[in-house]
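Structure at a glance
So you can see what is in the structure, the chains are spelled out below.
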Amino acid sequence: MEQPTWIGRSLNGRYKIDALLGQGGMSAVYRAVDPNLRRLVAIKLIHAHLSDDPNFIGRFKEEA
């Protein structure tokens, strides 16, 4: 399944995503720059096909 790329996009009007660090069957982790704090951050995004599954979203929030 092809996933949309987030590279080059901004998230929440703040985090500029610049690289994919890794991905699995449920999510992908990206490297991004936080210009407010002037540091690199990791952002984990749920794959779109799981974003409507309340059980998965609950597990994802617990992990966070």
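Right above here is the structure, for reference.
A brief look at the structure comes next. (Residues numbered from 1 in each chain as written. Predicted model: local features only at pLDDT ≥ 70, side-chain atom pairs only at ≥ 80, totals over all residues. Heavy atoms only, no water.)

As for the packing of aromatic side chains
To keep things clear, this is the line we draw: Pairing of aromatic rings covers Phe, Tyr and Trp, the last through its six-membered ring, and needs centres within 6.5 Å; plane angles under 30 degrees mean stacked, over 60 mean edge-to-face, and all others mean tilted. Secondary structure elements follow DSSP: runs of H or I no shorter than four residues count as helices, runs of E no shorter than two count as strands, and numbering proceeds from the N terminus. Note on classification: 1.4 Å probe, protein chains only; a residue is buried when its accessible area is under 20% of the maximum for its type, exposed when over 50%, partly exposed between these limits. In our convention, an over-ring charge means Lys NZ or Arg CZ found within 6 Å of a ring centre and within 35 degrees of that ring's normal.
Counted under the stated rule, the structure contains one aromatic pair. Seen from their ring centres, Phe56 and Phe60 are 6.1 Å apart, and the 40° between their planes marks the pair as tilted. Pair noted here: Phe56 and Phe60 are both in helix α1 (residues 54–63), with a separation of four residues, about one helical turn. Each member of the pair, Phe56 as well as Phe60, is classed as buried. Residue placement shows Arg9 over the ring face of Trp6; its charged tip is 4.2 Å from the ring centre.

Focus on the pattern of salt bridges
The line we're drawing: Note on definitions: salt bridges are taken to be side-chain nitrogens of Lys or Arg within 4 Å of carboxyl oxygens of Asp or Glu.
Under the definition given, this model contains three salt bridges. For Arg31, the salt bridge is made with Asp18, and the minimal N-O distance between the two is 2.9 Å. Of this pair, Arg31 sits in strand β3 (residues 27–34) while Asp18 sits in strand β2 (residues 15–23), and the two are 13 residues apart along the sequence. Residue classification places Arg31 among the partly exposed residues on the basis of a relative accessible area of 33%. For Glu63, the salt bridge is made with Lys44, and the minimal N-O distance between the two is 2.4 Å. Here the residue Glu63 occupies a position in helix α1, and Lys44 occupies one in strand β4 (residues 39–46), the gap between them amounting to 19 residues.

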